[in-house]
Amino acid sequence: MILTVTLNAALDVTYRLDRLRPHASNRVRETAARAGGKGVNVSRVLHTLGHDTVVTGLAGGSTGEALRAELAGAGITDRLVPIAGETRRTVAVVDEEQGDTTVLLEPGPVVTAAEWALFLDRYDELVSRAEAVVLSGSLPGGIPTDAYAVLIRLARARRVPALLDADGDVLRAGLVEAPAVVKPNAHELAAVSGTDDPRAGAEAMRAAGARAVVASLGPAGIIACAPQGSWAARPPEAIAGNPTGAGDAAVAALALGLVAGTPWPERLIRAVALSAAAVAAPLAGDFEPAVHRRLLGRVAAEHLPARTGESPCP
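Calculation notes
Residues numbered from 1 in each chain as written. Predicted model: local features only at pLDDT ≥ 70, side-chain atom pairs only at ≥ 80, totals over all residues. Heavy atoms only, no water. Helix = DSSP H or I, 4+ residues; strand = E, 2+ residues; numbered from the N terminus. Rg over C-alpha atoms; globule rule 2.2 N^0.38 Å. Contact = heavy atoms within 4.5 Å. Areas by Shrake-Rupley, 256 points an atom, 1.4 Å probe, with all protein chains shown as cover. 1 Å grid on protein atoms, 1.4 Å probe; cavity = no way out; pocket = protein on both sides within 12 Å on 5 of 7 lines; lining within 4 Å. Points joined across faces, edges and corners; volume = space filled by probe spheres on them. Nonpolar A, V, L, I, M, F, W, Y, C, P; charged D, E, K, R; others polar. Polar contact = N/O pair within 3.5 Å; in protein donor to acceptor, adjacent residues only side chain to side chain. Buried < 20%, exposed > 50% of the residue type's maximum accessible area, 1.4 Å probe, protein only. Arc of directions from axis to C-beta.

Caption draft 1: Highlighting the overall build of the protein chain. The helix and strand inventory of the protein chain stands at 10 helices and 14 strands. A compact globule built from 314 residues would reach a C-alpha radius of gyration of about 20 Å, and the protein chain, at 19 Å, matches this within 12%. For the C-alpha atoms alone, the extent of the protein chain along its principal axes is close to 55 × 45 × 35 Å. Excluding contacts between residues fewer than 6 apart, the proportion of contacts in the protein chain whose partners are at least 24 apart in sequence is 67%. Total accessible area on the protein chain stands at roughly 13,300 Å², and carbon and sulfur atoms take up 53% of it.

Written as structure tokens, this is what we have:
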């Protein structure tokens, strides 16, 4: 079982328009609403691939009830901890003509110390039965900045590897607990490492504590820095669509590779193929199986030798 943690879960609302016209009235052609948040999206992809997964985190209010009902309808196991605050919503506005998506993110509820303590008890029980744990996304109000560091430490005590997908101070705090894999995007990597060079940034994150760093670079693909070396992989073709859940699909592939112990080149090939297939799907947490199958045979991972004056990833 792969456990996913979404502390700031959301009900994802998607509006699809022929064209988004700023500062004007826009007619929505299609709407959808379902459970979301980065860890929920990861579990949705894992479930579609046929792997056992459990969603945990925090959920409250009528929005939280709608989120849990949607998960149940999708056949995804949830062990979310109820809270008094209202679960947030996110709104993704998809411009079909331009192939762009604008995302609006509500801040989320404020969590009490007692609710956080209840979650820690639930998490410790769940992680003891997991093969890996994925810690994803932002933190709601009231949760300490070192929350993921605490969860990584508890997982390590159970000998369960943790994959961390966060940003800013939350990511910095988590690095010191040596997560098995950290998955920033290009912006998060630059902000935390202080460099716009993805490879140098990944090496800096490893020096700060992460055992392996996999940075998603959008259409440019993925770069990985691990104990065994460094690799890069990119999609062989441009994929138009909704990129909102692409990073979460990559995390799902990386979590499966972590559990199976597959070689890093294969992990990156699967992460690139799955994330590109997610772009082709209309909603975050979905992917297009035909695109996934086609790209699996076409993505290649390139080994990156040490650059002059540098050593490979330690």
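Having seen the structure, we can now continue with the description.
Caption draft 2: Structural context of the layout of surface pockets. Here the largest pocket defines a volume of roughly 1,300 Å³. K38, P243, T244, A246 and G247 are the residues nearest the centre of the largest pocket, which is lined by 48 residues in total. The set of elements that each furnish at least two residues to the lining of the largest pocket consists of β2 (10-17), β3 (30-36), α1 (38-48), β6 (88-95), β7 (100-105), α8 (246-260) and α9 (264-279). Residues of the lining of the largest pocket, tallied by class, amount to 19 nonpolar, 19 polar and 10 charged.

Caption draft 3: Spotlight on the side chain of R199. Position of R199 among the secondary structure elements: in helix α7 (residues 198-207). Among the polar contacts listed, one links the side chain of R199 to the backbone oxygen of P305, at a separation of 2.8 Å.

Caption draft 4: Local environment of helix α10 (residues 289-296). Turning to α10, its buried residues number three or more, namely V291, H292 and L295. Summarising the axial view, the buried residues of α10 lie within an arc of 100 degrees, below the 170-degree limit, and thus occupy one face. Packing partners of the buried residues in α10 comprise α9.

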